[in-house]
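# Coordinates in review
If you want the building blocks of each chain, they are given just below.
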Amino acid sequence: MRWIRTGLLIAVTCAVLGTLWYFEIAEKGRTETQRLLDGRLYPWPISEVDRLEIHYPDYSFELSKVDETWCMTAPVKDMLDEGTVSRMLATIDSQDVTRWLPPASPGDDEDTGLETPSMELRLHRGGRVDTLLIGDINEVEKQLWVATSWRDSLALVSSLLRTNVMQGYYNLLDKRPLGDLPVSEVEFITVENARGNFKFSRIPFGWEILRPEPYLADQASVSRLVQELWAPNIIEFIKNPDVDDTAYGFGNPVATLEIKVKGEERLRIFEVGYSQHNLRHARYRDRDQVFIIKPFLSEILQESFSSYMSVVLSEFHPNEVVRIEDLQGRQLIRDMSVSWAWHDEQGRLMAGQALTTLVMKLSRLPTERVAALLPREDQLALWGLNEPESGFVLTFKGNREELRIELGAVVEGRRYFRRLDYPTVYSLPAENLEFIWPRPASEQEPRPEE
């Protein structure tokens, strides 16, 4: 009896699987039929396509879906422009047919341009291949002639199909030098050029320069460099996957970048080589091709580290400050329950205008002149920074570190100052570093009546 029950179970299972298979096939057939009835050109969901062959009269290339990402896989392997490929696929998927016409008679292909098509597109899906031929524009209806492998009839469709699908080699490729490298995951960027070697290291609130000592970076300048590296700055590709280290000047590059990505041990390498008509060759070693970049990018990659040093002592918004203390022990404490209300260490309400002036001035201290990148002890003594008598400690909201500022002596009309987390000493005219400590609001003299 047991073998009878086993046989029945197998029979039921086969019946269920067969039914599911039948309905799945039927559903696919209904989908294809429905898309054609709805007037679509391509009867299958574009999501099923995993490879594209694009053939032009003079050249061809292949795009493949790798881990749900489209890449060029022939004649070279490279990154694609995501927007261009998405528009191409979306256009094929949504393209309507103006009308289907009977197949052309022998010799009539010349009228449609399909005898020597402008482009042949092969769509691979699950081992099957669908072919799409693009011909000329119908002069009467201003529609595009198209022939397909899934119908004998010819189709007239919008010329938008040709605009979005007939993409050239350059248009399809990602024109950002570093492609899809995640900029938010970059930990540091090392730059080596004729002016030296230095590193941009990411910190919680921006970037700093290491050479190897830390220096405060100008956030706008570093952001400009990062923006240009991730901007579409490639103006030409050179199809040569077998480039050696001496080709195009890469044996002695004018600039080399090493990029460290979070969670990776290896460094990503970007190099700038020979110039050609005021343009420079470059390569990113994660790409097979050499390319030519715009002049502005190659120029900023050849700048010295001093070009990226901050032009202000610190960058913060006044609203971030919650506490100020001077070297004499006086304190200004912000009441976070009230809009811009401050008290001193004794709990007295402080005068609003004077306090705002102090905070604004501290937030915009220019670093007009660098007195020393790495000051000696005798210089610190000369400038009154070995034992400074004045300075400030600023505390901020959140997890931002305290900012400690020291003000030194006046020497020949200039006063020297620094922040303690970086070694650089700066100087400004003495009158630019005069700070007035706010008085309690109760001690403010009333304004004379007009």
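Residues numbered from 1 in each chain as written. Predicted model: local features only at pLDDT ≥ 70, side-chain atom pairs only at ≥ 80, totals over all residues. Heavy atoms only, no water.

### Overview of a nonpolar patch on the surface
A contiguous nonpolar surface patch, about 220 Å² in accessible area, is contributed by Val370, Leu373 and Leu374. Summarising the element assignment, Val370 is placed in strand E22 (residues 369-372). On the accessibility criterion, Val370 (40% relative accessible area) is partly exposed. (Patch = residues over 30% accessible without salt bridge, like charges linked within 9 Å, V, L, I, M, F, W, Y side chains within 5 Å. Areas by Shrake-Rupley, 256 points an atom, 1.4 Å probe, with all protein chains shown as cover. Salt bridge = Lys/Arg side-chain N within 4 Å of Asp/Glu carboxyl O. Helix = DSSP H or I, 4+ residues; strand = E, 2+ residues; numbered from the N terminus. Buried < 20%, exposed > 50% of the residue type's maximum accessible area, 1.4 Å probe, protein only.)

### A look at helix H2 (residues 82-94)
End to end, H2 covers 18 Å across 13 residues, agreeing with the expected 18 Å (1.5 Å per residue, within 8%). Buried residues belonging to H2 abut strand E1 (51-55), strand E3 (69-74), strand E6 (119-125), helix H4 (160-165) and helix H5 (169-172). Where H2 starts, the residue carrying a side-chain oxygen 3.1 Å from the main-chain nitrogen of Gly83 turns out to be Asp81. (Expected span 1.5 Å × (residues − 1). Contact = heavy atoms within 4.5 Å. Polar contact = N/O pair within 3.5 Å; in protein donor to acceptor, adjacent residues only side chain to side chain.)

### Brief notes about the environment of Leu433
Here Leu433 is to be found in the segment after strand E26 (425-429). Classification of Leu433 by relative accessible area gives buried; the value is 0%. When the C-alpha atoms of Leu433 and Arg414 are compared, they prove to be 9.2 Å apart, with 19 residues separating the residues in sequence. Apart from the residues lying within four places of it in its own chain, the contact partners of Leu433 are Leu365, Leu407, Arg415, Phe417 and Leu428.

### Details of helix H8 (residues 352-363)
For H8, with 12 residues, the first-to-last C-alpha span of 17 Å sits near the 16 Å given by 1.5 Å per residue. Within H8, burial applies to Leu355, Leu358, Val359, Leu362 and Ser363. Along H8, the residues classed as buried sweep out an arc of 130 degrees about the axis, all on the same side. (Arc of directions from axis to C-beta.)

### Some details on the side chain of Asn193
With respect to the element layout, Asn193 can be found in strand E10 (residues 186-193). Of the polar contacts made by the side chain of Asn193, one reaches the backbone nitrogen of Arg195; its length is 2.8 Å. Among the polar contacts listed, one links the side chain of Asn193 to the backbone oxygen of Glu303, at a separation of 3.0 Å. Every residue in contact with Asn193, bar those within four places of it in the chain, is listed here: Val254, Ala255, Leu301, Gln302 and Glu303.

### Thoughts on the confidence of the model for the protein chain
Where the model shows low pLDDT, its predicted coordinates should not be examined in detail. Residues of the protein chain with pLDDT of at least 70 account for 90%, and the chain-wide mean is 89. Here helix H1 (residues 2-37) stands out as the least confident element of the protein chain, with mean pLDDT 54; strand E15 (residues 255-261) is the most confident, with 98. Segment residues 15-30 is flagged for pLDDT under 50; beyond a separation of four residues in sequence, or across chains, it makes 1 contact in the model. (pLDDT = per-residue confidence, 0-100.)

### Some points on the sheet that holds strand E24 (residues 403-411)
Read across the sheet, 8 strands follow the order E21-E20-E19-E23-E24-E25-E26-E22 without closing on themselves; strand pairing throughout is antiparallel. The sheet is open, and its two borders are formed by strand E21 (341-344) and E22, each paired with just one other strand. Neighbouring strand axes in the sheet, compared pairwise and without regard to direction, differ in orientation by 25 degrees on average. In the sheet, strand E25 (residues 414-419) pairs with E26 via 4 bridges, with the strands oriented antiparallel. Within the sheet, the bridge partner assigned to Arg415 lies in E26 and is Leu428. (Pairing = 2+ DSSP bridges. Axes fitted to C-alpha atoms, helices over the stretch in contact; angles between N-to-C directions.)

### Overview of the packing of aromatic side chains
Taken as a whole and assessed by the stated rule, the structure comprises 22 aromatic pairs. Relative to Tyr169, the ring of Phe61 has its centre 6.0 Å away and its plane inclined at 70 degrees; by these criteria the two rings are edge-to-face. In this pair, Phe61 is assigned in strand E2 (residues 60-66) and Tyr169 in helix H5, connecting sequence segments 108 residues apart. Here Phe61 matches Tyr169 in class, with each residue buried. Each ring, one from Phe316 and one from Phe396, has its centre 5.1 Å from the other, and the planes form 65 degrees; the classification is edge-to-face. (Phe/Tyr/Trp six-rings, centres within 6.5 Å; stacked < 30°, edge-to-face > 60°.)

### Things to note about the environment of Ser223
As for its position among the elements, Ser223 is in helix H6 (residues 219-229). On a C-alpha basis, the gap between Ser223 and Tyr308 in space is 10.0 Å, while along the polypeptide they are 85 residues apart. Within the structure, Ser223 has its side chain in polar contact with the backbone oxygen of Gln219 (distance 2.7 Å).

### Considering the pairing of strand E19 (residues 321-326)
The sheet contact formed by E19 and strand E23 (residues 390-396) spans 5 bridges and is antiparallel. Bridge pairing links Glu325 to Val393 in E23. Looking at chain direction, E19 and strand E20 (residues 331-335) are connected through 3 bridges and run antiparallel. In the sheet register, Glu325 faces E20, and the bridge partner there is Gln331.

### Considering the sheet that holds strand E17 (residues 279-284)
Strand order across the open sheet formed by 9 strands is E13-E12-E11-E10-E15-E16-E17-E18-E14, with antiparallel pairing between neighbours. On the outer flanks of this sheet lie strand E13 (214-216) and strand E14 (234-238), each paired with one strand and no other. Strand-to-strand, the axes of this sheet are offset by a mean angle of 25 degrees, without reference to chain direction. Here 5 bridges tie strand E11 (residues 196-203) to strand E12 (residues 206-210), and the two strands are oriented antiparallel to one another. Residue Phe200 lies in a different strand from E12, and its bridge partner there is Ile209. Relative to the sheet, H6 contacts E10, E11, E12, E15 and strand E16 (267-276), its axis offset from that of E12 by approximately 95 degrees.

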